[in-house]
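An overview of the molecular structure
Each chain, written out:
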Amino acid sequence: MRGTVCIIGGGLGGLFCGALLAKNGYEVTVLEKNATIGGGLQSFRRHGELWDTGMHVIGGMEEGGNIRSICQYLGIMDEIHIRAVDDCCTDSLYFAEDQRTYKMARGRGPFVDRLAEYFPEERSGIERYVDAIYKMTDAVDQFNLRPSDGGIKLFTKSEEFLLAADAFIAQYVSDPHLRSVLAYMNPLYGGRAGQTPAYIHAIISVLYINGTSRFVGGSQHTADLLARVITDHGGRVERGDAVEWIEVVERKVQYVRTSKGREYRADHYISAIHPCTMLRLMPESALPRSYRNRIDSIPNAYSAFLLYVKLKPCTFPYINHSEYYMTRYADIWKIDNESASWPLGFLMMTPPDENQGEWASKVLVTAPMRWAMVREWEATKSGHRGSEYAKWKEVQSQLLIDKIEEMHPGFRDCIELVETASPLTIRDYYGSKEGTISGFSKDCHNIALSQVPVVTKISNLLLTGQNNNLHGFCGVPLTAISTCEAIMGVNELINKINKCERKH
């Protein structure tokens, strides 16, 4: 045994760290506050349907993809149930302003050709833009699973890395509509005009151009596979027991104590929960006030309102790609504008079932939402928020359904029942500050806020998850590698993953 590791939080980051370390000879214990592990990978069953708590559009799982390589190394790739979206239409983007729909194609060349069909006068700019995002992404060692000295060293990259994403796009194309079309994935990474770094936009865009997939039959299965890797290698995954205290003495964690009164001691500790939540679990003297103030001051990316629609049988077709709705072209960078009416946009998908046929059984909608919209209920608990909150949620549901009707006339007639979740639900269930779905907001003007190091000022405490470097099903596993290598040694894990990939 190489040492003991206690991981706080059994979400995507905690489980990937646990699986990678357990496979490499560490005795791992994962502590999850909820009865179900997985964080954003969790699924729940209601009204006879299996629902994912998050909307998972998965990049990096194509042949040779970075996340596929990690899953192959862990020995779970063949058991992950995914379905690739259609090559000819990976995403569709509808603008209510002119009732126009744009369809994206998979692959670097087809992506350019498709956009050039809509904007023929911009072909040269589109080609240069695509070349630029691929060049930027190719320069990131972590994304490409290349050995390095750790992390994303932005200061050694080109100046474009730290441009605002909207300014970066504007360098290559002049048509304002095309600029908005190229930025359509903003809701996936909390994009903000003049703030979100270009490298975030580039990495997410390249992932989507290379091809995306969906979980079949729910995302929970993947969380369970990661937990199995941990237990098969002698580790433990404890559910329903929240960490309530982290005892720190002289900048070293001595133990963590849970809600059930249990104490866990280890050589290394990894916090896979929101850093602001973690800080509330330890003595104020554990970390310098400047560090605490810095973490507390970082803005969070926006949250979301989730709409779960169960459909009447054989009434609405299964659509093998995601659909984006935007009110106006100019709104693509104003998703969380406080002066704008809600919703400005949303992402909609029909999650695939096992043996998926012609008809969809359900629809999942994720609509970005500001925390300010639920602030009046922020002191309440789930199930005790009152009738006004219930009425408010019903109003928001109908606003979203009205928008879906624009894209799919007759959609209302297909609805059997509707469930909802608000930013309050996301905050309470995931422990994420202000219900953020993308972690800390990234700021090109203050790169320190864009990269919270996995190493802390507590000698045996590390961080992982969507608040470090990149978020999502691609970003979080890559950050998990950085966290694990802070324990194992730089490039040890990367080299092992690459050696396994060569065998495949």
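This report concerns the structure included in the present document.

Rules of the game
- Residues numbered from 1 in each chain as written.
- Predicted model: local features only at pLDDT ≥ 70, side-chain atom pairs only at ≥ 80, totals over all residues.
- Heavy atoms only, no water.
- Pairing = 2+ DSSP bridges.
- Helix = DSSP H or I, 4+ residues; strand = E, 2+ residues; numbered from the N terminus.
- Expected span 1.5 Å × (residues − 1).
- Buried < 20%, exposed > 50% of the residue type's maximum accessible area, 1.4 Å probe, protein only.
- Axes fitted to C-alpha atoms, helices over the stretch in contact; angles between N-to-C directions.
- Parallel < 35°, antiparallel > 145°, perpendicular 65-115°, else oblique.
- Left-handed = near helix turned anticlockwise from the far one by under 90°.
- Contact = heavy atoms within 4.5 Å.
- Nonpolar A, V, L, I, M, F, W, Y, C, P; charged D, E, K, R; others polar.
- 1 Å grid on protein atoms, 1.4 Å probe; cavity = no way out; pocket = protein on both sides within 12 Å on 5 of 7 lines; lining within 4 Å.
- Points joined across faces, edges and corners; volume = space filled by probe spheres on them.
- Phe/Tyr/Trp six-rings, centres within 6.5 Å; stacked < 30°, edge-to-face > 60°.
- Lys NZ or Arg CZ within 6 Å of the ring centre and 35° of its normal.

Backbone hydrogen bonds hold the strands of a sheet together, and the pairing may be parallel or antiparallel. One open sheet accounts for three strands, arranged β5-β9-β6; its pairing is antiparallel. Both edges of this open sheet fall to β5 (58–59) and β6 (82–84), since each of them pairs with a single strand only. Two elements, β5 and strand β9 (residues 212–215), share two bridges in a ladder whose sense is antiparallel. Bridged to I58 within β9 is S213.

Here we take up helix α9 (residues 220–232). For α9, which comprises 13 residues, the first-to-last C-alpha distance of 18 Å matches the rise-based estimate of 18 Å (1.5 Å per residue) to within 8%. Those residues of α9 that sit buried are Q220, T222, A223, L225, L226, A227, V229 and I230. After α9 finishes, the residue G234 shows a positive phi value of roughly 90 degrees.

For the rest of this paragraph, the subject is the pairing of strand β7 (residues 91–95). Burial runs high along β7: five of the five residues are buried. Sheet topology note: the β7/strand β8 (residues 100–104) ladder contains five bridges and is antiparallel. Bridge pairing links L93 to Y102 in β8. Where β7 hands over to β8, the hairpin turn is made up of four residues, of which Q99 adopts a positive phi near 55 degrees. Strand direction decides the pairing type here: β7 and strand β16 (residues 322–326), joined by five bridges, are parallel.

With that settled, consider the packing of helix α1 (residues 12–23) against helix α2 (residues 66–74). Interhelical geometry of α1 versus α2 gives an angle of 45 degrees and a closest axis separation of 10 Å. Comparing their axes, α2 and α1 come out oblique. Like other packed secondary-structure pairs, α1 and α2 cross with a definite hand, here left-handed. Between α1, through F16, A19, L20 and K23, and α2, the contact on the second element is made entirely by I70, C71, Y73 and L74. Classifying every residue of the contact of α1 with α2 gives seven nonpolar, no polar and one charged.

Enumeration over the complete set of coordinates arrives at six cavities of 30 Å³ or more. Each pocket or cavity is described by its volume, and for the second largest cavity that value is around 70 Å³. Looking at the lining of the second largest cavity, the elements that each hand over two or more residues are α6 (176–182) and α8 (198–210). With three residues, the single largest contributor to the lining of the second largest cavity is α8. Residues that form the lining of the second largest cavity fall into these classes: ten nonpolar, two polar and no charged.

Here the residue pair W342 and P343 is connected by a cis peptide bond, since its omega of 0 degrees sits within 30 degrees of zero. Considering the arrangement of structural elements, one finds P343 in the loop between β16 and β17 (345–349). Phi at H47 is positive, roughly 55 degrees, even though this residue is not glycine. Positionally, H47 belongs in the loop between β3 (43–46) and β4 (49–52). Judged by relative accessible area, H47 falls into the partly exposed class, the value being 36%. A positive phi is found at E250, a non-glycine position, where the angle reads about 50 degrees.

What follows concerns the pairing of strand β14 (residues 268–271). Where strand β1 (residues 3–8) lies against β14, four bridges are found, and the strand directions are parallel. Looking at the pairing, C6 lines up with Y269 of β14.

This paragraph deals with the packing of aromatic side chains. Following the criterion strictly, the structure yields 22 aromatic pairs and no others. With a centroid separation of 5.9 Å and an interplanar angle of 80 degrees, the aromatic rings of F305 and W392 are classed as edge-to-face. Of this pair, F305 sits in strand β15 (residues 303–311) while W392 sits in helix α12 (residues 386–407), placing them 87 residues apart in sequence. On the basis of relative accessible area, W392 is assigned to the buried category, the value being 14%. Considering the side-chain rings of Y325 and F346, the 4.9 Å spacing of their centres and the 5 degrees angle between planes classify their relative orientation as stacked. Taken together, the positions of Y325 in strand β16 and F346 in strand β17 put the pair 21 residues apart, joining distant regions of the chain. No difference in accessibility class separates Y325 from F346, as the two residues are buried. Put simply, the rings of F95, Y102, Y118, F119 and Y329 pair up and form one aromatic cluster. Its guanidinium or amino end placed over the ring of Y73, K23 lies 5.0 Å from that ring's centre, counting from NZ or CZ. The ring of Y134 has R108 sitting right over it, with the charged end atom 4.3 Å from the ring centre.

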